[in-house]
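Here are the chains, one letter per residue:
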Amino acid sequence: MRCLRHITIVLALLLASCMRWEYGEQEQFSVLDDGVFITNEGNFTYGGATLSFYNPNTKHLENELFYRANAMKLGDVAQSMVVRNGIGWVVVNNSHVVFAIDTETFREVGRITDLPSPRYIVFASDEKAYISQIDSDRIIVVNPKTFKITGEIVCPMTTEYRTGSTEQMVLLGDYLYVACWSYQKRILKIDTRVDKVVDYRDIGLQPKSIVTDKNGKLWVVSDGGYEGNAIGYESAKLYRINPENLEVERVFELGLNSSGDATRTASRLKINDNGDMLYWIDGGVWRMAIDAAELPTEPFIKPIEGVNRSLYYALGVAPDTEEVYVGDALDYQQRSIIYRYSRDGELLDSFTTGVIAGDFCWKK
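Residues numbered from 1 in each chain as written. Predicted model: local features only at pLDDT ≥ 70, side-chain atom pairs only at ≥ 80, totals over all residues. Heavy atoms only, no water.

Colleague: For this particular structure, what's the right way to read the overall build of the protein?
Modeller: Scanning the protein from N- to C-terminus turns up two helices and 27 strands. Its C-alpha atoms give the protein a radius of gyration of 21 Å, near enough to 21 Å, the size a compact globule of 364 residues would have. Projected onto the principal axes, the alpha-carbon positions of the protein cover approximately 75 × 45 × 40 Å. A total of 364 residues make up the protein; the buried ones form 53% of that total. (Helix = DSSP H or I, 4+ residues; strand = E, 2+ residues; numbered from the N terminus. Rg over C-alpha atoms; globule rule 2.2 N^0.38 Å. Buried < 20%, exposed > 50% of the residue type's maximum accessible area, 1.4 Å probe, protein only.)

Below, the structure written as structure tokens:
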């Protein structure tokens with residue numbers, strides 16, 4: 001038995017040493033032009049997250065950037081990305097890490113580790129940022145200069161079904177507004193001067209996306225859950241909310257998620273640079289002016305039907321040009337197709353990135 005155990009240990013060590021080639025070799029990059037990063041989630045627990053970069057002027061695409069620049073895999077589920085002062089912050093949910101990379105060379109310059117389940121990062125200053133967590137009732141406070149966790153904010157949850165969930169966030173003045181999504185229905189208001197929740201409001205089931213418009217109003221999409229959801233199932237909704245008192249000023253009914261697939265219901269709310277036009281996914285891509293009295297009657301970009309039916313999963317609106325980028329996750333197994341449209345809805349280009357393209361982030 002001892003001999004067998006010894007052989008097992010030796011084999012394990014040999015296999016581990018043979019696996020080093022999977023880290024690859026570093027490549028030299030210098031992308032000076034503007035463009036868009038695409039975070040590709042990869043399948044959950046498979047460690048297949050990747051990073052892509054696309055230049056719309058030249059139509060040049062680079063895939064697997066993080067791996068090629070750093071000779072190591074990005075990790076498991078690349079959730080989101082933010083660019084600030086020449087540094088790209090890539091949030092990798094199931095690897096519990098946020099990587100900081102140079103946006104010219106794509107090389108890692110630092111990382112924030114030991115995060116419960118990070119989703120999105122928002123910066124209050126050069127020395128303070130907030131990271132939401134999908135499986136925690138806490139928002140983690142970090143110092144981006146030191147890459148250290150400096151505190152946490154305990155967030156009151158609506159339900160006790162799970163440990164809690166904080167999702168997308170927006171900063172407006174001294175206040176951080178947070179959508180509590182998974183099995184929740186709450187919007188939080190946090191005073192960033194003291195890092196405390198000072199107000200909250202319960203709205204529709206599972207508010208996921210949140211943006212601010214040119215008038216300083218909050219817009220939120222709740223997905224309504226799904227049939228059989230433990231905390232209920234209702235129509236998805238689009239809300240306009242007054243940030244001062246969190247009063248709901250307008251509600252638009254977006255309909256039930258009849259397919260039972262949470263990615264096919266209302267999600268990915270975006271707003272243009274002018275802050276006057278909303279975009280979201282609900283089967284197709286919808287567009288609506290912030291002062292519209294009614295919802296549009298048909299999608300701005302219609303979904304592909306038939307045998308090769310589309311599964312629009314990711315959405316981005318380019319600054320300045322207002323070009324619309326749509327990620328089709330296909331069957332969640334193949335590499336995603338990205339469609340790039342003009343602001344008038346004309347298809348300009350399409351290209352293939354990694355598995356489950358989930359977020360767009362502009363470098364300019």
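Picking up after the structure, the text goes on.
Colleague: Would you mind showing me how to read unusual backbone geometry here?
Modeller: At Phe 147, a position not held by glycine, the phi torsion is positive, near 60°. The topology assignment puts Phe 147 in the loop between β10 (138–143) and β11 (148–154). Phi is positive for Gln 206, close to 60°, though the residue is something other than glycine. Note that Gln 206 resides in the loop between β15 (196–202) and β16 (207–212). The exposure class of Gln 206 is buried, given its relative accessible area of 4%.

Colleague: Which parts of the structure should I look at to understand the nonpolar core?
Modeller: Nonpolar side chains in soluble globular proteins tend to end up buried together. Residues Phe 37, Leu 51, Leu 74 and Met 81 are the most contacted members of the largest nonpolar core, which totals 18 residues. With sequence-adjacent residues up to four places away left out, Leu 51 is seen in contact with Phe 37, Ile 38, Thr 39, Asn 40, Glu 62, Asn 63, Glu 64, Leu 65, Phe 66, Leu 74, Met 81 and Ile 101. Counting residues in hydrophobic clusters, the runner-up holds 16 residues, among them Val 221, Phe 252, Trp 280 and Met 288. (Core = buried A, V, L, I, M, F, W, Y, C linked by side-chain atoms within 4.5 Å. Contact = heavy atoms within 4.5 Å.)

Colleague: So what exactly am I meant to see when it comes to the sheet that holds strand β13 (residues 175–180) here?
Modeller: Consider a sheet: its strands pair through backbone hydrogen bonds, and that pairing is either parallel or antiparallel. Spatial ordering of the open sheet is given by β12-β13-β14-β15, a layout of four strands whose pairing is antiparallel. The outermost strands of the open sheet, each flanked by one partner alone, are β12 (169–172) and β15. Between one strand and the next, the sheet's axes are offset by a mean angle of 20°, whatever the strand orientation. Examined bridge by bridge, β13 and strand β14 (residues 186–191) share six bridges and lie antiparallel to one another. Opposite Ala 179, over in β14, you have Ile 187 as the bridge partner. (Pairing = 2+ DSSP bridges. Axes fitted to C-alpha atoms, helices over the stretch in contact; angles between N-to-C directions.)

Colleague: I would appreciate a short explanation of the packing of aromatic side chains in the present structure.
Modeller: For any pair of aromatic rings, the description consists of the separation of the ring centres together with the inter-plane angle of the planes. Scanning the model with the defined rule gives 14 aromatic pairs in all. When the centroid spacing of 5.9 Å and the interplanar angle of 85° are considered together, the rings of Phe 37 and Phe 106 count as edge-to-face. With Phe 37 in strand β1 (residues 35–40) and Phe 106 in the loop between β6 (97–102) and β7 (108–112), this pair connects stretches of sequence that are 69 residues apart. In this structure, Phe 37 and Phe 106 share a single accessibility class: buried. With a centroid separation of 6.5 Å and an interplanar angle of 25°, the aromatic rings of Trp 219 and Phe 252 are classed as stacked. Placement of the pair is Trp 219 in strand β17 (residues 218–222) and Phe 252 in strand β19 (residues 248–255), with a sequence separation of 33 residues. Grouped by ring-pair contacts, the aromatic residues Tyr 54, Tyr 325, Phe 351, Phe 360 and Trp 362 constitute a single cluster. Sitting above the plane of the Tyr 175 ring, Lys 189 keeps its charged end 4.5 Å from the centroid. Seen from the ring of Trp 181, Lys 208 lies directly overhead, with NZ or CZ sitting 4.1 Å from the centre. (Phe/Tyr/Trp six-rings, centres within 6.5 Å; stacked < 30°, edge-to-face > 60°. Lys NZ or Arg CZ within 6 Å of the ring centre and 35° of its normal.)

Colleague: For this particular structure, what's the right way to read the pairing of β14?
Modeller: The side chains of a regular strand alternate, residue by residue, between the two faces of the sheet. Within β14, six of the six residues are buried, which leaves it mostly tucked inside the rest of the structure. A loop of five residues connects β13 with β14, the two strands running antiparallel in sequence, and Tyr 183 in this loop sits at a positive phi of about 60°. Alignment of β14 against β15, held across six bridges, turns out to be antiparallel. What sits directly across from Lys 189, in β15, is Asp 199. Counting the residues in the hairpin turn of β14 and β15 gives four residues, including Asp 195, whose phi is positive at 55°.

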